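# A structural walkthrough
Letter by letter, the chains look like this.
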Amino acid sequence: MSQPIRVYNTLTRTKERFEPPADHHVRIYACGVTPYAEAHIGHARPALIWSVIRKYLEARGYRVTLVQNFTDVDDKIIDRARAEGEEPLRLAARFSQQYLDAMRRLGIEDADRYPRVSEHIPDIVEMIETLVEKGFAYVVDGDVFYDVTRFPEYGKLSGQRLDELMAGTRFEADERKRNPMDFALWKAAKPGEPAWDSPWGPGRPGWHIECSAMSLKYLGNHIDFHGGGLDLVFPHHENEIAQSEAYTGRPPFVRYWVHNGLIKMGAEKMSKSLGNVVSVEALLERHPAELIRFYLLNTHYRSPLEFSDGAFEDARRGWRRLATAVAELRRFMAEHGLPRSGAEEQAPADDEPAADPGAALRSPIDPDALAPQLDEAGRLFAEAVAETPARFDAAMADDFNTALAIAALFDLARAVNGYRQHLARRGRGETEGEAAVRRGAGPVSRRGGGEWRVVPPPEEAAGRAAAAGAADERLVAALIELVLEVRQEARAAKNWAVADRIRARLQELGVVIEDTPEGTRWKKAEDA
RNA sequence: GGCGCAGUAGCCAAGGGGCUAAGGCGGGAGUCUGCAAAACUCCUAUUCGGCGGUUCGAGUCCGCCCUGCGCCUCCA
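Residues numbered from 1 in each chain as written. Chains lettered and ligands numbered in written order. Predicted model: local features only at pLDDT ≥ 70, side-chain atom pairs only at ≥ 80, totals over all residues. Heavy atoms only, no water.

### Comments concerning the side chain of Ser-198
The following threshold applies: Per the convention used, a helix needs a DSSP run of H or I reaching at least four residues, while a strand needs a run of E reaching at least two, with both numbered from the N terminus. For the exposure calls, accessible area comes from a 1.4 Å probe over protein chains only, and a residue counts as buried if that area is under 20% of its type's maximum, exposed if over 50%, partly exposed in between. Two N or O atoms form a polar contact when they lie within 3.5 Å of each other; inside protein one atom must be a possible hydrogen donor and the other a possible acceptor, and for residues adjacent in sequence the pair counts only when both atoms belong to side chains. It only takes one pair of heavy atoms within 4.5 Å for two residues to be counted as in contact.
Here Ser-198 is to be found in the loop between β7 (183–188) and β8 (203–205). For Ser-198, a relative accessible area of 17% puts it in the buried group. Polar side-chain contacts of Ser-198 include one of 2.6 Å to the backbone oxygen of Gly-201. Not counting chain neighbours up to four residues away, the residues in contact with Ser-198 comprise Val-125 and Trp-186.

Below, the structure is given as structure tokens:
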């Protein structure tokens, strides 16, 4: 049976046991983006992590609702829009769409909802009104500020003491504030800015309040997870707690605060304001989505991740081995007349969740029962296939340790390749027991192939995706086959010079050749 | 100045009181192979930034120090 899920809670600075909600419905709010520029990999990390956590929770039999906001009303957007001569909301809509497109191209499934500030002004106004009525907020000249001294627990998330914060204020505080740390819930409109009517006059929401309002609206109080980058802990999430718990009067607003580490460029943080970003689009031009996912998931979500092209190339080599193993497994299935594992690798359809909760987390075979039918290599293979789901489960249950889970995939890949080689050398076909083990490996590899998409999809699926260029693709393939045929004749005649020249020239053209006992294979370099 | 995170092999990176310190890259030696590639096998940290302490036992807990980073102003 699966072990309890443990999750690191920023609020308590410890790994805590996750107590599932009574209705088995897990509610997640992941802080999204302020869409004023192209999405970069720093945005992709939390989006990817939450989509993977979500899949894991669903595999454990929970129903999951994931909400991710767009803060489409914001100073940065207004500034940028002014510079570009574009309507702020239009610009925000444009970059929101760009973000969604980029995430989809990375193979990240949509969240259940993407609420926008601009569409929730009434909810926000209502919340601010209540905070004013309850005495947590005060109005000055059309602005509304939150009085941090009214919330005794202010600072509990970030471990700050209010007096220290006040003392350490580095900026010139607005003199109309009661305390320097008070923050704006509502900002009176300035000329040329988007504005909405409110009881305090035309204006717009401050930062922070939108997440409280939209989280409470769509997920209710006491949600299970609230996530975002480590840079949001203070003041954003601190302020969210203050607003939300003051508003509801029934803490906790959030049960587990989950923050991902930041992506750094060299030694520095990657951020739009520093201008050292790598956009998702730019990365996708150079690398397959699966490699990018692998790169991101191969480090635990809470660790800082230093981005560099060199690190990416190192990751690529390891990733290639995984991809090769899965490709070999698929080929193996096909050659032995077994169902292509491609079908099995598709993620389960959305409308059939939890038909058998946890099935994917259990071993598909019983190695002990099969043992009498297996030789030594077969037993090793069977054990690897049998162990992988449990290792995967254990890794994910321990604070969603994707890096540890991927290590299990590497071990499985080695077992698959080793077994395949063993079979080829032994010379006779597999026994019924061995075939059973290999059939079991299909669904297991699905975790990496289909569900996590850290290895490329089956060729036929990729082929469909590239249907537009299909005719050319077929022609190219036919030409390569032709060349290889000629080269094979040269090899048969031991004309190594010609054979090697063909190989070298194809290599220059980006076509990699491998001579195997079963014949010559080829693939494009970028897929290898 | 305050708060917080991190420092594990040549590089990346898991592990957070006790079985042999995961996994990847790189490197070395083999197997297979016309050669190459791929793949497989074995080897590559008596030790976890430093110094003290707690403990029968510490990368793992505590204290101090060093180094790097983040937040305290917009940021995933």
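Next, the rest of the story.
### Some remarks on the state of the cysteines
Threshold: Throughout, a disulfide means two cysteine sulfur atoms within 2.5 Å of one another.
Taken as a whole and judged by the stated rule, the model has zero disulfides. The cysteine Cys-31 is free of any disulfide, with Cys-211 supplying the nearest cysteine sulfur at 3.7 Å. Judged by its relative accessible area of 8%, Cys-31 falls in the buried class.

### Focus on empty space enclosed by the protein
Applicable threshold: Cavity and pocket criteria rest on a 1 Å grid covering protein atoms alone: a 1.4 Å probe that fits but cannot get out defines a cavity, protein on both sides within 12 Å along at least 5 of 7 lines defines an open pocket, and an atom within 4 Å of a point defines a lining residue. Grid points are joined across faces, edges and corners, and a volume is the space filled by probe spheres set on the points.
Evaluation of the coordinates by the stated rule reveals four cavities of 30 Å³ or more. Empty space within the second largest cavity amounts to approximately 40 Å³. In terms of residue count, helix α3 (residues 88–105) provides more of the lining of the second largest cavity than any other element does, three residues in total.

### Quick word on the sheet that holds strand β9 (residues 223–229)
Basically, it comes down to this: Note on pairing: DSSP must find at least two bridges between two strands before they are called paired. Think of each axis as a best-fit line through the C-alpha atoms, taken over the contacting stretch in the case of a helix, with angles from 0 to 180 degrees between the N-to-C directions.
In spatial order, the strands read β4-β3-β9-β10; together these four strands make up an open sheet with parallel pairing. Since the sheet does not close on itself, it has two edges, and those belong to β4 (63–70) and β10 (254–260), each with one partner. When the angles between neighbouring strand axes are averaged without regard to direction, this sheet yields 20 degrees. In this structure, β9 lies alongside β10, joined through six bridges in parallel fashion. When the bridges of β10 are listed, Phe-225 appears paired with Tyr-256.

### Some remarks on helix α13 (residues 376–397)
Residues separated by three or four positions in an α-helix point in the same direction, a consequence of the helix having 3.6 residues per turn. How we decide: A helix is expected to span 1.5 Å for every residue after the first. The angle between axes fitted to the seven-residue stretch ending at a residue and the seven-residue stretch beginning at it gives the bend at that residue.
Helix length check: α13 (22 residues) gives 32 Å between terminal C-alpha atoms against 32 Å at 1.5 Å per residue, within 8%. For α13, the principal kink sits at Glu-387 and spans about 35 degrees; a proline, Pro-389, occurs within the next four residues. Asp-399 lies just past α13 and shows a positive phi near 55 degrees.

### So, the pairing of strand β1 (residues 6–9)
The pairing of β1 with strand β2 (residues 14–17) spans four bridges and is classified as antiparallel. Paired with Arg-6 across the two strands is Arg-17, which belongs to β2. The turn linking β1 back onto β2 is made up of four residues, and Arg-13 within it adopts a positive phi angle of 55 degrees.

### Some thoughts on the confidence of the model for chain A
Spelled out, the test is: On a scale of 0 to 100, pLDDT captures the predictor's confidence in every residue.
In the predicted model, chain A carries a mean pLDDT of 86, and the fraction of residues at 70 or more is 89%. For residues 340–355, every residue scores under 50 in pLDDT, and the model assigns this stretch 23 contacts once sequence neighbours within four places are set aside.

### Remarks on the packing of α13 against helix α14 (residues 402–426)
Convention followed: Each angle gets one of four labels, with under 35 degrees taken as roughly parallel, over 145 as roughly antiparallel, 65 to 115 as roughly perpendicular, and the rest as oblique. Less than a right angle of anticlockwise turn of the near helix away from the far helix marks a crossing as left-handed, whereas a clockwise turn marks it as right-handed. Classification used: nonpolar for Ala, Val, Leu, Ile, Met, Phe, Trp, Tyr, Cys and Pro, charged for Asp, Glu, Lys and Arg, polar for all others including Gly.
Viewed as axis vectors pointing N to C, α13 and α14 meet at an angle of 170 degrees, and their least axial separation amounts to 9 Å. As judged from the angle between their axes, α13 and α14 are roughly antiparallel. Both α13 and α14 take part in a crossing whose hand is left-handed. In contact with Ala-377, Gly-378, Phe-381, Ala-384, Val-385, Thr-388, Arg-391, Phe-392, Ala-395 and Met-396 of α13, α14 contributes Thr-402, Leu-404, Ala-405, Ala-407, Ala-408, Leu-409, Asp-411, Leu-412, Ala-415, Val-416, Tyr-419 and His-422. In terms of residue class, the contact of α13 with α14 is made up of 16 nonpolar, four polar and two charged.

### Remarks on the pairing of strand β6 (residues 143–146)
The two faces of β6 match: Asp-143 and Phe-145 on one face and Val-144 and Tyr-146 on the other face are all buried. Summarising the sheet, strand β5 (residues 137–140) and β6 pair through four bridges and their orientation is antiparallel. Counted as the bridge partner of Ala-137 is Tyr-146 from β6. Counted between consecutive antiparallel strands, the loop separating β5 from β6 contains two residues, among which Asp-141 sits at a positive phi close to 50 degrees. For β6 and β7, the ladder comprises three bridges, and the chain directions are antiparallel.

### Let's talk about unusual backbone geometry
Cis rather than trans, the peptide bond between Phe-234 and Pro-235 has omega equal to 0 degrees. Residue position: Pro-235 is located in helix α7 (residues 233–248). Between Pro-251 and the following residue, Pro-252, the backbone shows a cis peptide bond with an omega angle of 0 degrees. Its location among the elements puts Pro-252 in the loop between α7 and β10. We note that Arg-13 has phi near 55 degrees; this positive angle belongs to a residue other than glycine. With respect to the helices, strands and loops of the structure, Arg-13 is situated in the loop between β1 and β2. On the basis of relative accessibility, which here comes to 43%, the residue Arg-13 falls in the partly exposed class. Look at Asp-141: it is not a glycine, yet its phi comes out positive at around 50 degrees. Relative to the elements of secondary structure, Asp-141 occurs in the loop between β5 and β6.

### Describing the pattern of salt bridges
Note the following rule: Salt bridge, as applied in this entry: a Lys or Arg side-chain nitrogen positioned within 4 Å of an Asp or Glu carboxyl oxygen.
Enumeration according to the criterion identifies 42 salt bridges in this entry. Notably, a salt bridge pairs Arg-94 with Glu-86, separated by 2.8 Å at the nearest N-O pair. A residue is classified by how much of its surface remains accessible, and Arg-94, at 38% relative accessible area, is partly exposed. The partner of Asp-515 in a salt bridge is Arg-487, and the shortest N-O contact between them spans 2.9 Å. A residue pair is termed long-range when its members are at least 10 positions apart, and Asp-515 in strand β14 (residues 511–516) and Arg-487 in helix α17 (residues 470–492) qualify at 28 residues. One connected set of salt bridges, linked through shared partners, spans Arg-487, Arg-491, Asp-500, Arg-503 and Asp-515.

### Describing the sheet that holds β7
Overall, antiparallel pairing links the four strands, which are arranged β5-β6-β7-β8 in an open sheet. The sheet terminates laterally at β5 and β8, the two strands that pair on one side only. Averaged over all adjacent pairs, the angle separating strand axes in this sheet is 20 degrees, with direction ignored.

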